[in-house]
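Residue-level structural notes
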Amino acid sequence: MEKDIKTILFRIKIDIKNNALMLLTIFVLWVAMNLIFHRFCPFVLFCGLPCPGCGITRAFFLFLSFHPIKALELNPSYPFWLMLGLAAFWQRYIKGYEHVKLFYPMLITAIITFVVYIIRIIYVFPAHEPMVYVHDNLLAHIFPAYDRIMTSLMDYILTNIE
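The rules behind these values
Residues numbered from 1 in each chain as written. Predicted model: local features only at pLDDT ≥ 70, side-chain atom pairs only at ≥ 80, totals over all residues. Heavy atoms only, no water. Helix = DSSP H or I, 4+ residues; strand = E, 2+ residues; numbered from the N terminus. Expected span 1.5 Å × (residues − 1). Buried < 20%, exposed > 50% of the residue type's maximum accessible area, 1.4 Å probe, protein only. Arc of directions from axis to C-beta. Contact = heavy atoms within 4.5 Å. Salt bridge = Lys/Arg side-chain N within 4 Å of Asp/Glu carboxyl O. Core = buried A, V, L, I, M, F, W, Y, C linked by side-chain atoms within 4.5 Å.

Before going further, it helps to examine helix α7 (residues 103-123). With 21 residues, α7 ought to run about 30 Å at 1.5 Å a step, and its terminal C-alpha atoms sit 30 Å apart, in line with that. By the burial criterion, the buried members of α7 are T109, T113, V116, Y117 and R120. Down the axis of α7, the sector holding all buried residues measures 110 degrees, keeping them to one side. Of the exposed residues in α7, those oriented more than 90 degrees away from the buried face are F103, Y104 and I122. Buried residues along α7 sit against α5 (68-74) and α6 (78-94).

To continue, consider helix α9 (residues 144-159). Here α9 contains 16 residues, and its C-alpha end-to-end distance of 23 Å stays within 8% of the 22 Å for a straight helix at 1.5 Å per residue. Among the residues of α9, those classed as buried are Y146, D147, M150 and M154. What you see down the axis of α9 is that its buried residues fit within an arc of 95 degrees, all on one side. Turned more than 90 degrees away from the buried face of α9 sit R148, I149, Y156 and T159, all of them exposed. As for α9, its buried residues are in contact with α3 (42-47) and α8 (138-142).

Going through the model one piece at a time under the given rule, you end up with 3 salt bridges. One salt bridge connects R92 with D15, and the closest N-O pair in it is separated by 3.0 Å. Of the two residues, R92 sits in helix α6 while D15 sits in helix α1 (residues 2-18), which places them 77 residues apart along the sequence. Assessed through its relative accessible area of 15%, R92 is described here as buried. Two residues, E129 and R39, come together in a salt bridge whose shortest N-O distance is 3.2 Å. Here E129 is found in the loop between α7 and α8, whereas its partner R39 is found in the loop between α2 (20-37) and α3, with 90 residues between them in sequence. Look at the salt bridges and you will find they share partners, linking R39, R58 and E129 into a network.

Next up on the list: the nonpolar core. If you look at the biggest cluster of nonpolar residues, it comprises 10 residues: C47, Y117, F125, M131, Y133, L139, A140, Y146, M150 and M154. Mapped onto this core, the elements with two or more residues apiece are α8 and α9. The leading source of residues in this core is α9, at 3 residues. Each residue touching F125, except ones within four places of it in the same chain, is listed here: L49, P50, R120, M131, V132, Y133, M154 and I157.

Next up, the structure:
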């Protein structure tokens, strides 16, 4: 048992070492984007509209802090990504497979995420975070008319709900 744990930790250590620059870059970008823009999603920063993954990072943090129902409110597809991550961890670190083969589970999870996104756009957008329009986006800075059009559209949607 002790040998198995050492093997697992060794595999994790090797992967971290081999991908340290990429992991550090992603972490620094994540921190910088959150400090500067208070957002990480490039889609939101570009056009102000939520993407299919919006809320998933916060959902993971809520899940880890024992708030799974609140996490579902932020992004109902997070359990599928969690299961996919656990399956990848199992295959790579516990079983020791060099190449994790999860194409079909990943495809199914992506489809579920997109279907959930469409449902959220229809029934939740733009009334509840994270499914809101963000005014401070790149297109709004380049084309001020874009923000006026989107704001008018959001007002129309919100006044005609139900």
